[in-house]
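An overview of the molecular structure
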Amino acid sequence: LFSEALAAVFALVEEANRHFQRTQPWQLAKDPAKRPELEGALYAGVEALRLVGHLLAPYMPGVSVRILEQLGAAAPGGAAWSDVARWGVLAAGATVRTGAPLFPRLERSAT
C-alpha cells in the first residue's frame, strides 16, 4: 500500500511534466498575445506541484516543505486535507521562488 500510494504521487508528477510538455510555456512566453494561455499553463502546473508537495509530506517531509516553501504555500499539516485538496488555492500571480534542486543528480564515479 505504501509503495502504491507513493507511485500515485509520482504519477501526478509525471502528469504535471506532460502538461508542461503539451502546453510548452517556453514557447507561449515568446508571444505577448498568448499571455493568458501562458498564465493558465503555468498556474495549472504550479497547482499540481502544490498538491504533490502536500501528498509527499508523509513520505518525504523535508522535500514536501521545500516544495511548498518555494511555491509560497502553507506548510504541510497547517490545514485540513479538505482545504488543501481544492484546486485554485494559490493566489493568481503568486511568486515562485527558485532554490536548490529537490533531487540533485548523482554523479557516477569514473572508477
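In the block above lies the structure referred to throughout.
Our subject in this report is the structure included herewith. (Residues numbered from 1 in each chain as written. Predicted model: local features only at pLDDT ≥ 70, side-chain atom pairs only at ≥ 80, totals over all residues. Heavy atoms only, no water.)

1. Details of the overall build of the chain
Just so we agree on the cut-off: Helix and strand definitions follow DSSP, with helices as H or I runs of at least four residues and strands as E runs of at least two, each counted in order from the N terminus. Summary of the burial criterion: residues with accessible area below 20% of their type's maximum are buried, those above 50% are exposed, and those between are partly exposed, where the area comes from a 1.4 Å probe applied to protein chains only. Working rule for contacts: check all heavy atoms of both residues, and any pair within 4.5 Å makes them a contact. Values of accessible area rely on a 1.4 Å probe in the Shrake-Rupley scheme; residue burial ignores everything except the protein chains shown. Counted as positive: Lys and Arg. Counted as negative: Asp and Glu, with His and the chain ends omitted from the count. Positions of charges follow a simple convention, taking NZ of Lys, CZ of Arg, CG of Asp or CD of Glu.
Counting its regular elements, the chain contains five helices and zero strands. The secondary structure elements of the chain, listed N-terminal to C-terminal, are α-α-α-α-α. Summarising its shape, the C-alpha atoms of the chain cover approximately 50 × 45 × 25 Å along the three principal directions. The buried share of the chain, reckoned over its 111 residues, is 25%. A separation of at least 24 residues holds for 61% of the contacts in the chain among residues at least 6 apart in sequence. When the accessible area of the chain is evaluated, it comes to approximately 7700 Å², of which 60% is carbon and sulfur surface. Side chains of the chain carry 11 positive and 10 negative charges; the gap between the two charge centres is 4 Å.

2. Observations concerning the nonpolar core
Side chains of nonpolar character tend, in soluble globular proteins, to be buried together. For the record, the criterion: Among buried residues, those of type Ala, Val, Leu, Ile, Met, Phe, Trp, Tyr and Cys that are joined through side-chain atoms within 4.5 Å constitute a nonpolar core.
Leu-6, Val-9, Val-46, Val-52, Leu-56, Val-63, Ile-67, Leu-68, Leu-71, Ala-73 and Leu-90 together form the largest nonpolar core, which totals 11 residues. When residues in this core are grouped by element, the largest group, four residues, is from helix α4 (residues 61-71). Beyond its immediate sequence surroundings of up to four residues, Leu-71 is in contact with Val-46, Leu-49, Arg-50, Leu-90, Thr-95 and Val-96.

3. A short note on unusual backbone geometry
Located in the positive-phi region is Gln-24, a residue other than glycine, with phi close to 45°. Looking at the secondary structure, you find Gln-24 in the loop between α1 (2-23) and α2 (25-28).

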